[in-house]
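Next come the chains, spelled out residue by residue.
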Amino acid sequence: MKEMLNNPKIRNIAIIAHVDHGKTTLVDFMLRQSGLFRDNQNTGDRMMDSMDLERERGITIASKNCSVQWKGIKINIIDTPGHADFGGEVERGLKMVDGAILLVDSSEGPLPQTRFVLKKALEAHLKIIVLINKIDRKDARPEEVLNEIFDLFIDLGADDKQIDFPVLYAIGREGISQNTLEEKGTDLAPLFDKIVEAFPGPSFDPAEPFQMLVSNLSYSDYMGRLAVGRIFHGSVHNNENLVCIGHEGIPKPLKVTKLQSFQGIKVAEIEAAEPGEIIILSGIEDVEIGDTVCAQSAPKALKRIVVDEPTVFMQFLVNNSPFVGQEGEYVQSRKILERLHKETLHNVALRLETDAKSEGFIVKGRGEFQMAILVETMRREGFELCVGRPQIIFKEKDGKKTEPIEHLFIDCGEEFTGVVTAKLAARKGRMLNLVNHGTGRVRLEFSVPARGLIGYRTEFLTDTKGTGIMNSYLLGYEEYRGDIINRVTGSLVCDRQGETVSYGLFHLEPRGTLFVGPGLRVYEGMIVGEHNRDNDLNINPCKEKKLSNMRAAGKDENIILTPPAPMTLEKSIDFIRNDELVEITPKSIRLRKTLLSAMQRHTTNR
């Protein structure tokens, strides 16, 4: 058996948690208290949330690296997303580390995404430190939460070593950690000390030549493609000649033009790197996540990163509306294809295929939220395109049709139990558990087909008056549970191109809920509202009042319109049916029929 050594100068850790349990805030204080910044330096908050969307939504979308120094030891930290839709980011982040800090809210306890990220960490055989955060909350229940965490470890099949985890307590927003509930912490020193003590230094075989697994990609205008990954064996020097082994298994030569490592939240150039270090290599153009960069003398590939199969797909099409090219910079299919291909290189959980039927593209991923984030990112970059409704990927097993099933957790007021249960039963959901703590709120568990949850979140928030919380994770594939009627209403479809008028809209209000106000440009086939009935209705929102010299006995009515229901990107994607699309531009989100002409739609329906 080969003798493995450990590098005592480095610790590689990931921080894993459910959404909004305080990961990014904790990392902020770890960076500040490690002496990275001057005392009077203005650093802002949520330093790791580098994307605009992350700051706006308050969630982590992409895995990000940083490092701190503690008592002469370098701690490389990876901040991973807490949402199951971004599971691909979690899986490749965990490939670079030897341990993980599981962060759990002292009131909410372990939630579905906690289960999801912990399962991935245990499968990777990582050492775990449990950090119970927000112990200053009025409704904190740290002892009960710790018992729930033990139950979760047992449920996930943790071995004896993994279940013997160290426990710390923290107030993340104040930068305080402590070993027990009784002591009063002042800083994060107990956490840093526990990281150094509990987590092993990265192991390596001194007899093996240089090997690095590419876990992330970046791009620089000056240096081109950048490969980010951990050195598993050997060391590397600047300007060294290496090879890259892709999924074909053919070594491709490359020369390291620049070698960098993470210093705080920035990167710094280095001359050489030791085993276990997380580095950034430039000088390699044709590289993908999962490739191995290794020594020229002994090319040997590491095991590639494997992620869960996608469960949802979405159609991406070139915009063919009358307003095409008026608001976006990139409208051609070639540009859209290039951008989607670039996204699949950075995100291993996404798959890209061409759609022979519609001359568009099919993107497969983990969930509708992941798709919405991709579309929102593209529109902010100046793209103009159309997308269809998210569809579920079905599988055949033993000649039977199977579908992905989600384990759904709901926390809501006791009075909403009936409406939630009825709505989920209509979506083929089955109740697994109901817990009433006598506090006025109940916890419900369901197994629901993934297609039944598409578009349900908005309805759920309306039903629970905005007070309900719902989370889910993929349970597996089961036999098809039958058809689900997602929407029982039709659409109000504009029958001509023009500009909406208050008079026309006012007289259409009894027909349904309008999505547009006056003074908005519309075209034939554009959806301007939701019909009260189950059929589509062609309407004229541009109709003006007839001007004549006849006067009514009373004054003309003062037109007061009901404010239109704002349609966000996610609401639009959830709302549309299979024969409808969402037109997305940097300035507008419009709903439309796939076939714009009323005559064509009528002929097709016949």
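Read on for a plain summary of the structure. (Residues numbered from 1 in each chain as written. Predicted model: local features only at pLDDT ≥ 70, side-chain atom pairs only at ≥ 80, totals over all residues. Heavy atoms only, no water.)

Observations concerning helix α10 (residues 417–426)
Three or four residues apart is the spacing at which side chains of an α-helix point the same way, because the helix has 3.6 residues per turn.
Then comes step 1: Among the residues of α10, Thr417, Val420 and Leu424 are the ones counted as buried. Relative to the axis of α10, the buried residues are bounded by an arc of 70 degrees and lie together on one face.
Then comes step 2: The secondary structure elements touched by the buried residues of α10 are β26 (400–413), β27 (430–436), β28 (441–449), α11 (450–453) and α12 (456–463).
Then comes step 3: Immediately beyond the C-terminal end of α10, within one or two residues, lies Lys428, with a positive phi of roughly 65 degrees. (Buried < 20%, exposed > 50% of the residue type's maximum accessible area, 1.4 Å probe, protein only. Helix = DSSP H or I, 4+ residues; strand = E, 2+ residues; numbered from the N terminus. Arc of directions from axis to C-beta. Contact = heavy atoms within 4.5 Å.)

Describing the pattern of salt bridges
Then comes step 1: Per the stated rule, a full pass over the model turns up 36 salt bridges.
Then comes step 2: Close ionic contact of Arg173 with Asp136 constitutes a salt bridge, the shortest N to O distance being 3.1 Å. Remark: Asp136 occurs in the loop between β6 (127–133) and α5 (142–155) and Arg173 occurs in the loop between β7 (167–171) and β8 (176–178); sequence separation between them is 37 residues.
Then comes step 3: Arg173 sits in the exposed class, given a relative accessible area of 62%.
Then comes step 4: Measuring nitrogen to oxygen at the nearest pair gives 2.9 Å for the salt bridge that ties Asp291 to Arg304. Separated by 13 residues along the polypeptide, Asp291 in the loop between β18 (278–282) and β19 (292–295) and Arg304 in the loop between β19 and β20 (312–318) bring together distant segments of the chain.
Then comes step 5: Judged by its relative accessible area of 25%, Arg304 falls in the partly exposed class.
Then comes step 6: Counted as one network, the salt bridges with shared partners bring together Asp536, Arg577, Asp579, Glu580 and Lys593. (Salt bridge = Lys/Arg side-chain N within 4 Å of Asp/Glu carboxyl O.)

Quick notes on the packing of helix α8 (residues 333–346) against helix α9 (residues 368–380)
Then comes step 1: The interhelical angle for the contact between α8 and α9, taken along N-to-C directions, is 130 degrees, at an axis separation of 12 Å. Relative to α9, the element α8 is oriented oblique. Taken as a pair, α8 and α9 cross one another with a handedness that is right-handed. The segment α8 lies against α9, with Ile336, Arg339, Leu340 and Glu343 engaging Leu374, Thr377 and Met378.
Then comes step 2: In the contact of α8 with α9, the residues fall into four nonpolar, one polar and two charged. (Axes fitted to C-alpha atoms, helices over the stretch in contact; angles between N-to-C directions. Parallel < 35°, antiparallel > 145°, perpendicular 65-115°, else oblique. Left-handed = near helix turned anticlockwise from the far one by under 90°. Nonpolar A, V, L, I, M, F, W, Y, C, P; charged D, E, K, R; others polar.)

Function cannot be read off these values alone, since they describe shape.
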